[in-house]
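Here's the letter readout for the chains.
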2 protein chains.
Amino acid sequence: MPKQVDHRERREAIARALWRVVEQRGISHLTVREVAREAGFSHGHLQHYFASREEMLSFAMDFASEQSALRVARAREGLGDPPHPRAMLRLMLTELLPLHPDSRATSRMGAAYVLEALHDETIHARAREGLLQGRDQVERLVREAIADGHIAPDRDPVVETNLLLALSGFTPLLELGVLAADDVLAAVDHHLDGLFAHDAGA
Amino acid sequence: MPKQVDHRERREAIARALWRVVEQRGISHLTVREVAREAGFSHGHLQHYFASREEMLSFAMDFASEQSALRVARAREGLGDPPHPRAMLRLMLTELLPLHPDSRATSRMGAAYVLEALHDETIHARAREGLLQGRDQVERLVREAIADGHIAPDRDPVVETNLLLALSGFTPLLELGVLAADDVLAAVDHHLDGLFAHDAGA
C-alpha cells in the first residue's frame, strides 16, 4: 500500500519539523503555520495530514516516544541477555534526560507537551497514559529485581519506582547548565548503587 | 516615595496577571497583549512598566521566587529554632512541587521560564543564576547536617544535594495525575529517611 506508506512518511516528516520548531525556537512558536514553513509545506497541504494543532502535537509526541523506545531497544542489545536490571534501569533513566541530541529533542518535546496538557483535556489524557505506561515498565523491572534478589526484599517497589522516575528532575538542571552530564550520571549511579546495595544475584 | 511604591505595586499586579495567564491558559498564550488584557491595562500602558516581554517575564519570575521564599520563611517559624535540617529540607523541597495552589502557580511559571530560557540568553542567565542560588542553599544545609552528625559523614554533599534537587521531577507526575500528593510525600520522606538514617543528633 504505497499510498499509506507515503501518508505515514509525510506525517513523520511533519513531526520532525515540529520537533525542530520546539527545540530551536520554543513552544511559543509552535503553530501549524510555523511547522508548515519548517516542513516546506503550504498551510493548506499540512492540514491534509493533520486536522488540528493538537492532533499534530500528539502524533509528534507519540513518534518521539517510539523513537526513544527504539533507541532503548538498540542500546539494550549491548547489555547482555537478559540485561542486569541495574543496567536496564540506568539505560531507561538516562534516555529520559537531555544527555545527547536525540534524547534532548524528545525531552524538550515532552516538556512542551506537559505544559500543553495543562490546558487541553485530550492532550492531558494522552500524556498521562504515556507516563503511566512508562511508570509501569519501571515498576515491573523493580519488582522483578526484588524477586530475583537484586534489590533487597524490604524495599517498597512503588516508592522506589516513583523515586527513580523523579530523577527526570535533572532535566532543567542540565538544560540550564547548573549541572554537567558527569554530575548527573554520578548522582544517578549513586542512587542506583543504594537501590542495588544488597544485590544477591550479581 | 509614593510614586516608587505605586510603580512597584503596578508591576506586581502585572506579574500576578502574568501568572494567571501562564497557569490558566498556558505559555503559548503568554504575550504582552494577553497579560495587559488580564491585568486590565491598555497595551501601551503596560509598556510603561515593562519595556519587553522578557523584562516582564523575568520580573514575574523573580517576584514568584520572592513569594516562594516568604512562604518558606513563614512555614519555618513552625519548625522550632533552629529547625531540624530534615524538616527544613522537606519544607524547601515540597515548596518546589505543585502541592498547593501557590506553589503550583510558581511551579508552572518556573516550567514556562525554563522553556523560554532555551531560546533567550538573558532569561537563560537569570534562570541559571536562580537555580544556582537555590542549589547553594540546599548544599549549605546538607553540609551543616553532615557537620552536626545528622547525616552520615561518608555521604558526598554534592551528590546528595543534586539528588535532592532532582526530586522536583515529581512535578509533571503530579500535574498529570500520574501520582497523588500522598505518593509523592511518601517518596520524599523515604528519600529523606535514607539520607538521615544515621542521625546522631536527633
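Residues numbered from 1 in each chain as written. Chains lettered and ligands numbered in written order. Predicted model: local features only at pLDDT ≥ 70, side-chain atom pairs only at ≥ 80, totals over all residues. Heavy atoms only, no water.

Turning to the overall build of chain A, a few remarks are in order. A tally of helices and strands in chain A yields 10 helices and zero strands. Element order for chain A, N to C, with α for helix and β for strand: α-α-α-α-α-α-α-α-α-α. For the C-alpha atoms alone, the extent of chain A along its principal axes is close to 60 × 45 × 30 Å. Accessible surface computed for chain A: about 9,700 Å², of which carbon and sulfur atoms make up 51%. Separation of charge centres in chain A, based on 23 positive and 31 negative side chains, amounts to 7 Å. (Helix = DSSP H or I, 4+ residues; strand = E, 2+ residues; numbered from the N terminus. Areas by Shrake-Rupley, 256 points an atom, 1.4 Å probe, with all protein chains shown as cover. Lys, Arg positive; Asp, Glu negative; His and termini not counted. Charge placed at Lys NZ, Arg CZ, Asp CG, Glu CD.)

Here chain B sits on chain A after a turn of 180° about the axis and a move of 0.0 Å along it, with an RMSD of 0.0 Å. The symmetry that links the two subunits is that of a two-fold axis. For chain B, the residue whose C-alpha comes nearest the rotation axis is B:Gly169, separated from it by 1.7 Å. A share of 100% of the interface residues of chain B reappears at the interface of chain A, consistent with the copies meeting face to face through the same patch. (Least-squares fit on C-alpha atoms with pLDDT ≥ 70 in both. Contact = heavy atoms within 4.5 Å.)

Right, let's get into the UniProt feature "DNA-binding region" (unreviewed entry) in chain A. Those places that UniProt annotates as "DNA-binding region" (unreviewed entry) correspond, in this numbering, to residues 31–50 of chain A. Along residues 31–50 of chain A one finds 75% helix and 0% strand; the C-alpha atoms at either end are 12 Å apart. (UniProt positions renumbered as here; feature names shortened; annotations may be inferred.)

Here we come to the domain arrangement of chain A. Residue and element names in this part refer to chain A. Domain annotation of chain A identifies domain 1 (1–51) and domain 2 (52–195). The C-alpha centroid of domain 2 is placed 26 Å from the C-alpha centroid of domain 1. With 19 residues of domain 1 at the interface, the matching set in domain 2 holds 17 residues. Interface of domain 1 and domain 2: buried area, both sides summed, is about 1,800 Å²; carbon and sulfur atoms make up 70% of it. It is Trp19, Glu23 and Ile27 in domain 1 that bury the most area against domain 2; as a group they hold 34% of the surface buried on that side. Our count for the contact surface shared by domain 1 and domain 2 stands at three salt bridges. In this structure, the salt-bridge partner of Glu23 is Arg104, at a minimum N-O distance of 2.8 Å. At the boundary of domain 1 with domain 2, the tally comes to seven residue pairs in polar contact (both at pLDDT 80 or more). (Domains from an automatic or database assignment. Buried area = accessible area lost by both parts, 1.4 Å probe. Salt bridge = Lys/Arg side-chain N within 4 Å of Asp/Glu carboxyl O. Polar contact = N/O pair within 3.5 Å; in protein donor to acceptor, adjacent residues only side chain to side chain.)

This structure, assessed with the given rule, holds eight aromatic pairs over all chains. Aromatic pair A:Phe41 and A:Tyr49: ring centres 5.9 Å apart, planes at 80°, arrangement edge-to-face. The pair formed by A:Phe41 and A:Tyr49 is uniform in burial state, with each residue classed as buried. Their ring planes at 25° and their centres at 5.3 Å tell us that B:Trp19 and B:Phe63 sit as a pair that is stacked. One end of the pair, B:Trp19, is in helix α1 (residues 2–24); the other, B:Phe63, is in helix α4 (residues 53–76), and 44 residues separate them in sequence. (Phe/Tyr/Trp six-rings, centres within 6.5 Å; stacked < 30°, edge-to-face > 60°. Buried < 20%, exposed > 50% of the residue type's maximum accessible area, 1.4 Å probe, protein only.)

The full count for this structure, using the stated rule, is 38 salt bridges over all chains. With its nearest N and O atoms 2.7 Å apart, the salt bridge here joins B:Asp189 to B:Arg90. Taken as a pair, B:Asp189 in helix α10 (residues 181–195) and B:Arg90 in helix α5 (residues 85–95) lie far apart in primary sequence, 99 residues in all. One salt bridge in this structure joins B:Glu139 and B:Arg143, with 2.8 Å as the shortest N-O distance. Placement of the pair is B:Glu139 and B:Arg143 together in helix α7 (residues 121–147), with a separation of four residues, close to one helical turn. Residue B:Glu139 is classed as buried on the basis of its relative accessible area, which comes to 14%. In the salt-bridge network here, residues are joined through shared partners; they are A:Arg20, A:Arg25, A:Glu34, A:Arg37 and A:Glu38.

Residues and elements named next belong to chain B. Counting through the fold element by element, Ile146 comes out in helix α7. The spacing of Ile146 and His191 is 45 residues in sequence and 16 Å in space, taken between C-alpha atoms. Here Ile146 is in contact with Ile151, Ala152, Pro153, Arg155 and Pro157, once residues within four sequence places are set aside.

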